[in-house]
Amino acid sequence: MSKSTAECCPECGGELVIRNGAHGPFFGCSAYPECDYIRPLKAGTDGHLIKVLDGQLCPQCGGTLVLRQGRYGMFIGCGNFPECEYIASIDSPDETTVACPQCHDGKLLQRKSRFGKVFYACNRYPACQFSLNSKPVAGECQYCGYPLLVEKRTSTGVRLSCASKACAKRQKEQNENNDES
């Protein structure tokens, strides 16, 4: 369903109408498919300026950096956009000191999925596609010898388990080992 407006299409002169799409409402030319002009209904909602970061210069062009709110969260970008397309992420991944158990060359990085969930993956992706949903801990499994453990948070506290999906056994704590001796 489309709703007419009083605006004219800048490309063909036809009337602009409000249409609904997968990402919400937008302006589209009534002469579609001959004219494929479209424009967002709310101008400037994607990547709008939050704050100018005085004193911080763009490493590519020397312009002033700005804080923007975009579709995927906040980011730092060049104030001379679109001439300069420099972008820096605010949430840089936390690198752990834990080596990747699959390729043995990379380190595990903390990442965020598109839904905001935290996971850990090898920094050599796509060459190595190892990933975990739990926080990795350096250590060796007491049962199968797998070179990585993960933290599991339970109601009784934090427990270590084997990171291997084939084993996944809860590790005995140090004082539990001493009690059995």
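As a reminder, the structure under discussion sits directly above these lines.
Computed from a predicted structure; not experimentally measured.

The rules behind the values
Residues numbered from 1 in each chain as written. Predicted model: local features only at pLDDT ≥ 70, side-chain atom pairs only at ≥ 80, totals over all residues. Heavy atoms only, no water. Core = buried A, V, L, I, M, F, W, Y, C linked by side-chain atoms within 4.5 Å. Buried < 20%, exposed > 50% of the residue type's maximum accessible area, 1.4 Å probe, protein only. Helix = DSSP H or I, 4+ residues; strand = E, 2+ residues; numbered from the N terminus. Contact = heavy atoms within 4.5 Å. Pairing = 2+ DSSP bridges. Disulfide = S-S within 2.5 Å. Salt bridge = Lys/Arg side-chain N within 4 Å of Asp/Glu carboxyl O.

(A) Quick peek at the nonpolar core. Of all hydrophobic cores here, the largest spans 12 residues; its members are V98, C100, C103, L108, Y120, C122, C128, F130, L132, L148, V150 and A163. Listing elements by their share of this core, those giving two or more residues are strand 11 (118–122) and strand 14 (148–154). Other than its neighbours up to four places away in sequence, L132 contacts L108, F119, Y120, L148, V150 and A163. Among the nonpolar cores identified, the runner-up in size contains eight residues, and L65, L67, C78 and A88 belong to it.

(B) Up close: the pairing of strand 6 (residues 64–70). Counting buried positions over the seven residues of strand 6 gives five, a clear majority of the element. Bridging between strand 5 (residues 48–57) and strand 6 involves six bridges; their strand directions are antiparallel. The residue bridging L49 from the neighbouring strand is R68, located in strand 6. Where strand 5 folds back on strand 6, the antiparallel hairpin that results is connected by six residues, among which G62 adopts a positive phi of roughly 85°.

(C) Here's a closer look at the state of the cysteines. The full count for this structure, using the stated rule, is zero disulfides. The thiol of C58 is not disulfide-bonded; the next cysteine sulfur, from C84, is found 3.7 Å away. In this model C128 remains outside any disulfide bridge; the closest cysteine sulfur is found in C100, 3.6 Å from its own.

(D) Molecular detail of the side chain of S161. In this fold, S161 is placed in strand 15 (residues 157–162). Leave out the neighbours within four places in its chain, and S161 touches L149, V150, K152, A168, K169, R170 and Q171.

(E) Summary view of the pattern of salt bridges. A complete count under the given rule lists two salt bridges for this structure. Linking R39 and E7 is a salt bridge whose minimum nitrogen-to-oxygen distance equals 3.1 Å. You can see R39 sitting in strand 4 (residues 38–40) and its partner E7 sitting in strand 1 (residues 3–8), a full 32 residues away along the chain. Overall, R39 belongs to the partly exposed group, its relative accessible area being 28%. Note that E151 and R153 form a salt bridge whose closest N and O atoms lie 3.7 Å from each other. Given a relative accessible area of 22%, E151 falls into the partly exposed group. A relative accessible area of 67% means that R153 is categorised as exposed.

(F) A look at the environment of F81. On the secondary structure map, F81 appears in the loop between strand 7 (73–78) and strand 8 (87–89). Take F81: its relative accessible area is 51%, and that puts it in the exposed class. Here the alpha-carbon distance between F81 and G63, two residues 18 residues apart in the chain, equals 9.5 Å.

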